[in-house]
Every structure is written in structure tokens, then in C-alpha cells.
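Read off the chains here:
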Amino acid sequence: MRASQKDFENAMNQVKLLKKDPGNEVKLKLYSLYKQETARQNYVDLVSSLSSSLESSSQVEPGTDRKSTGYETLMVTSEDGITKIMLNRPTKKNALNVEMYHEIMHALKAASKDDSAITVLTGNGDYYSSGNDLTNFTDIPPGGVEEKAKNGAILLREFVGCFIDFPKPLIAVVNGPAVGISVTLLGLFDAVYASDRATFHTPFSHLGQSPEGCSSYTFPKIMSPAKATEMLVFGKKLTAGEACAQGLVTEVFPDSTFQKEVWTRLKAFAKLPPNAMRISKEIIRNREKEKLHAVNAEECSVLQGRWLSDECMNAVVNFLSRKSKL
Ligand SMILES: CCCCC/C=C/CC(=O)SCCNC(=O)CCNC(=O)[C@H](O)C(C)(C)COP(=O)(O)OP(=O)(O)OC[C@H]1O[C@@H](n2cnc3c(N)ncnc32)[C@H](O)[C@@H]1OP(=O)(O)O
């Protein structure tokens, strides 16, 4: 017999009253089940809201937005010689869930073959991105946390590989705060423009994790080993101005004029001969490619181990508990 909503709420309360801590792995499983229950409730709520809105208005075209891009977590547009990939989970601060990793890879592969001269990554809403979605840790497969960590490392390696191999000029338009993997990847971009509202934060040690996105190699080269250590090991958060002084950001703009100034500049860049730009990027980046792939493989393998550590599991459980999701 299927449990009712009341049974579920009672069970949730019982978990909070347990005298003995059930442990991180069990807590992550509980969170996963909680999410499924919430998803079922959301489904029912959505269907019921759709029914009432369709009854009240025959002009609504459900799913129009989604059809225009074909993506669930991104908005992708192509005009004026620019393919713009916009992270589109603003209510979650553009955290990267598993679907978003796959969709970004898909969008990059498509952009590498389309007619555009340059490609831009940016965020919708007040954040550029809050990095890896920490709820990614909760969908534990039958093979347990080891299988989860192994799959995560495979996905991460493929994902970062797409940035290493991207053939056209790739520009980050950092519209707001950036956290975790959204910061480390910036070392693989060809230019990074930031609003003065943006901050750059890689709290890997706080999360019991280690650097990815090739940052263990690119950051010391860009900003010196000591400055890279302050960010990647001690989790020092940089302002946009500081990140620019360290060479991670190319130029900072006042937030009030950011979009206008940046897009005017990008449209001018996109009028340059595309083949010349592609070939020039190749000659700047290609001699590092093999090294970057090797660094990526090593970082993913180290992270796979970190994800299984108590330090990491405690940090994830703490985040989810703070958000009342456990
Ligand atoms: C294949 C796997 C690859 C893995 C690659 C590894 C990458 C490493 C990293 O990226 S490490 C970085 C991980 N990110 C974080 O630690 C950030 C966590 N989030 C926060 O600290 C805060 O949310 C914040 C500072 C980004 C914003 O705080 P604020 O108080 O302004 O807003 P909220 O916390 O209320 O956020 C709004 C809702 O968004 C949810 N959310 C935000 N970021 C994340 C995230 N990274 N993961 C999961 N969920 C996130 C937050 O829970 C709120 O949701 P709610 O409205 O449902 O409560």
C-alpha cells in the first residue's frame, strides 16, 4: 500500500527525533526519497495548476519556451555571429545539476559546428553560477556511493574535456557571483568579462573536496602558485577587481552598464573573420591541450576519492540540513 502524505510527514518527524545519528549515507538516501516524494507532489500541483489555467485561458501555449531552445536548464540563442549559452536555473542560483552538465556539453558541441564566430557562457538572474548542485550527491545508485563517485568522475572528465577542446573563441560573461566549478573553468576560457557585482569563490577545502576544471594547473600559471593556493586551498573569495588584478578576469564593468558594454564589444568581435579567430585560438591553446587533458584526468581521479571521504559527506549533509532538506 502506498504511504499517504500524512504517513510521509510523520516519518520525516521521526527521523528528526532519532536518538542515534543514522550516518551520512543513510541521510543522503533519505534526502533522495524526500526529493522523489516532493517531485510527486510538485507533479500533482503542476497538473492541477495547468488544468485550471487551461480552463481559464485558451490563449496559453504550454511549453512554448522550452520548445524554442530544446533545453531544460539552458537558454541557447544564436544571433549576430554569437552563440549565447545561458545557464537557466535562477531560483537555484544556476547550480549545475546532472542534466545541466549534459546540456552544456550538448550546447558546446552544437556551437562548435554552427555558423557563429564566437560562443558566450553566462547566467540568468543574480548569479553566474553557484557551482555543482550539492543535491547531485543524493541520487545514490544500487552500487552505492562508490558507483556514484565513479560515475561523477566520468561525467566531470567528459564535461571539462569539452571546454579544453572547444575550437572557437569562448567568452564568459560573468553577470554575478561565481562559485566552485563555474570559477575553475574560467582558466579555460579565452576572455572573461565580469560585472563589478561578481565574486569568485572556490570553497573546496570547506567542502572536503579538491580543485577541478584544470584549475590546479591553470590558476598557478595565471596568478602565481601562492595566489592560487589562497583561492583553491584556503577558499579566499575574490572580488571582480581582485580577480582582474590576478589575471583571471579580463575586464570588469560597472553592473549598471555591464550588459550594454559587453554585448556591444562582443558583437564587434563577432564580425572578425571567423577562420582567422579559430586558427589564432588554436595556435595559442593547442600546445597545452595534451597537458590539460592529463591534468583533467588526474583531478577527476583525486576528486572521486574525495567524494567518498567523511569530510566531503559531512559538508554536503550540513548544506542540505541547513536548507532543511534533511
Ligand atoms: C558530475 C559532478 C561534478 C562535480 C564537480 C565539482 C564541483 C565543485 C563545486 O562546484 S564546489 C561548489 C559547490 N557550491 C556550493 O557550495 C554553493 C552552495 N550554495 C550556497 O552556499 C548558497 O546557496 C549561495 C551562497 C550560493 C547563495 O546563498 P543565498 O542565501 O543567496 O541563496 P540560497 O542559499 O537560499 O539559494 C537559493 C536556492 O538555491 C539552492 N542552491 C544554491 N546553490 C546551490 C548548490 N550549489 N547546490 C544545491 N542547491 C543550491 C538553495 O538550496 C536554495 O534552494 P531552495 O530555495 O530550494 O532552498
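Residues numbered from 1 in each chain as written. Predicted model: local features only at pLDDT ≥ 70, side-chain atom pairs only at ≥ 80, totals over all residues. Heavy atoms only, no water.

In the nomenclature of an unreviewed UniProt entry, the chain is known as Delta(3)-Delta(2)-enoyl-CoA isomerase of Macaca fascicularis. Per UniProt, the comment on the chain under Subcellular location (unreviewed entry) is "Peroxisome". (UniProt positions renumbered as here; feature names shortened; annotations may be inferred.)

Student: Describe in detail the overall build of the chain, supporting the description with residues and values.
Tutor: Per the secondary structure count, the chain includes twelve helices and nine strands. Split into buried and exposed, the 326 residues of the chain put 42% on the buried side. The contacts of the chain with a sequence gap of at least 6 include a subset with a gap of at least 24, amounting to 76%. Counting only carbon and sulfur atoms, one obtains 55% of the accessible surface of the chain, whose full area is about 17,300 Å². (Helix = DSSP H or I, 4+ residues; strand = E, 2+ residues; numbered from the N terminus. Buried < 20%, exposed > 50% of the residue type's maximum accessible area, 1.4 Å probe, protein only. Contact = heavy atoms within 4.5 Å. Areas by Shrake-Rupley, 256 points an atom, 1.4 Å probe, with all protein chains shown as cover.)

Student: Give me the lowdown on the domain arrangement of the chain, citing residues and values where you can.
Tutor: Taken domain by domain, the chain holds domain 1 (3-47) and domain 2 (72-322). Centre-to-centre separation of domain 1 and domain 2, based on C-alpha positions: 32 Å. Every contact between the two is made by eight residues of domain 1 and, on the other side, twelve residues of domain 2. Between domain 1 and domain 2 the total buried area reaches about 930 Å² when both faces are included, carbon and sulfur atoms providing 65% of it. (Domains from an automatic or database assignment. Buried area = accessible area lost by both parts, 1.4 Å probe.)

Student: An account of the nonpolar core is needed here, citing residue identities and associated values.
Tutor: The biggest cluster of nonpolar side chains holds 66 residues, and the ones touching the most others in it are Phe159, Phe163, Val174, Phe189 and Phe200. Considering every element that reaches this core, the biggest residue donor is helix α5 (residues 144-165), with ten residues. Sequence-distant contacts of Phe159, that is, excluding residues within four places in its chain, are made with Leu96, Tyr101, Ile104, Met105, Ile181 and Leu185. In this structure, Val173, Val262, Ala270 and Met277 belong to the second largest nonpolar core, which totals 15 residues. (Core = buried A, V, L, I, M, F, W, Y, C linked by side-chain atoms within 4.5 Å.)

Student: I'd like to hear about the sheet that holds strand β9 (residues 251-253), residue by residue, with values.
Tutor: One open sheet accounts for six strands, arranged β1-β2-β3-β4-β6-β9; its pairing is mixed. Edge strands, defined here as strands with exactly one partner in the open sheet, are β1 (74-79) and β9. Between one strand axis and the next, the sheet turns through 20 degrees on average, direction left out of account. Pairing of strand β4 (residues 170-174) with strand β6 (residues 191-195) involves four bridges; the strand directions are parallel. Within β6, the position partnered with Ala172 by the bridge is Val192. Sheet strands touched by helix α10 (residues 258-269): β2 (82-87), β3 (118-123), β4, β6 and β9. Its angle to β6, the strand with the most contacts, is close to 160 degrees. (Pairing = 2+ DSSP bridges. Axes fitted to C-alpha atoms, helices over the stretch in contact; angles between N-to-C directions.)

Student: Outline the packing of helix α7 (residues 215-223) against helix α11 (residues 274-307), supporting the account with residue identities and numerical values.
Tutor: With their axes 9 Å apart at the nearest point, α7 and α11 run at an angle of 125 degrees to one another. By the criterion of interaxial angle, the relationship of α7 to α11 is oblique. Across the interface between the two elements, Ser215, Ser216, Tyr217, Thr218 and Lys221 of α7 pack against Glu288, Lys291, Leu292, Val295 and Glu299 of α11. For the contact of α7 with α11, the per-class residue count stands at three nonpolar, three polar and four charged. (Parallel < 35°, antiparallel > 145°, perpendicular 65-115°, else oblique. Nonpolar A, V, L, I, M, F, W, Y, C, P; charged D, E, K, R; others polar.)

Student: Go over the packing of aromatic side chains, please, and point to the residues and values.
Tutor: All told, the structure shown has six aromatic pairs when counted by the stated rule. A centroid spacing of 4.8 Å and a plane angle of 90 degrees characterise the contact between Tyr101 and Phe159, whose relative ring orientation is edge-to-face. Taken together, the residues span a long stretch of sequence, with Tyr101 in helix α4 (residues 98-113) and Phe159 in helix α5 at a distance of 58 residues. Exposure class is identical for Tyr101 and Phe159. Each is buried. Look at Tyr193 and Phe253: their rings are 5.9 Å apart centre to centre, the planes differ by 80 degrees, and that puts the pair in the edge-to-face class. Of this pair, Tyr193 sits in strand β6 while Phe253 sits in strand β9, and the two are 60 residues apart along the sequence. Phe253 matches Tyr193 in its accessibility class, with the two residues each being buried. Seen from the ring of Trp263, Lys84 lies directly overhead, with NZ or CZ sitting 5.2 Å from the centre. (Phe/Tyr/Trp six-rings, centres within 6.5 Å; stacked < 30°, edge-to-face > 60°. Lys NZ or Arg CZ within 6 Å of the ring centre and 35° of its normal.)

Student: Can you break down α4 residue by residue, with the values?
Tutor: Since the α-helix advances by 3.6 residues per turn, residues separated by three or four positions end up pointing in the same direction. With 16 residues, α4 extends 24 Å between its outermost C-alpha atoms, agreeing within 8% with the 22 Å of an ideal straight helix rising 1.5 Å per residue. Where α4 is concerned, the buried positions are Met100, Tyr101, Glu103, Ile104, Met105, Ala107, Leu108, Ala111 and Ser112. (Expected span 1.5 Å × (residues − 1).)

Student: Residues and numbers for the packing of α4 against α5, please.
Tutor: Remark: α4 packs on α5, axes separated minimally by 10 Å, with the N-to-C direction vectors making an angle of 30 degrees. Between α4 and α5, the interaxial angle falls into the category roughly parallel. Helix-helix and strand crossings are classified by hand; for α4 and α5 the assignment is left-handed. The residues of α5 that touch α4, namely those facing Val98, Tyr101, His102, Ile104, Met105, Leu108 and Lys109, are Leu155, Glu158, Phe159, Cys162 and Phe163. (Left-handed = near helix turned anticlockwise from the far one by under 90°.)

Student: Before we move on, can you summarise the side chain of Asn175 with the specific residues and values?
Tutor: Turning to its location among the elements, Asn175 is positioned in the loop between β4 and β5 (178-179). Overall, Asn175 belongs to the buried group, its relative accessible area being 5%. At 3.0 Å, the side chain of Asn175 forms a polar contact with the backbone oxygen of Gly123. Sequence-distant contacts of Asn175, that is, excluding residues within four places in its chain, are made with Thr122, Gly123, Gly125, Asp126, Tyr127, Tyr128, Ser195, Arg197, Asp255, Phe258 and Gln259. (Polar contact = N/O pair within 3.5 Å; in protein donor to acceptor, adjacent residues only side chain to side chain.)

Student: How would you sum up the state of the cysteines? Please name residues and give values.
Tutor: Inspection of every chain in the model, using the stated rule, returns zero disulfides. Free of any disulfide, Cys214 has its nearest neighbouring cysteine sulfur in Cys300, separated by 8.2 Å. Cys312 forms no disulfide, and the closest cysteine sulfur to it belongs to Cys300, at a distance of 14 Å. (Disulfide = S-S within 2.5 Å.)

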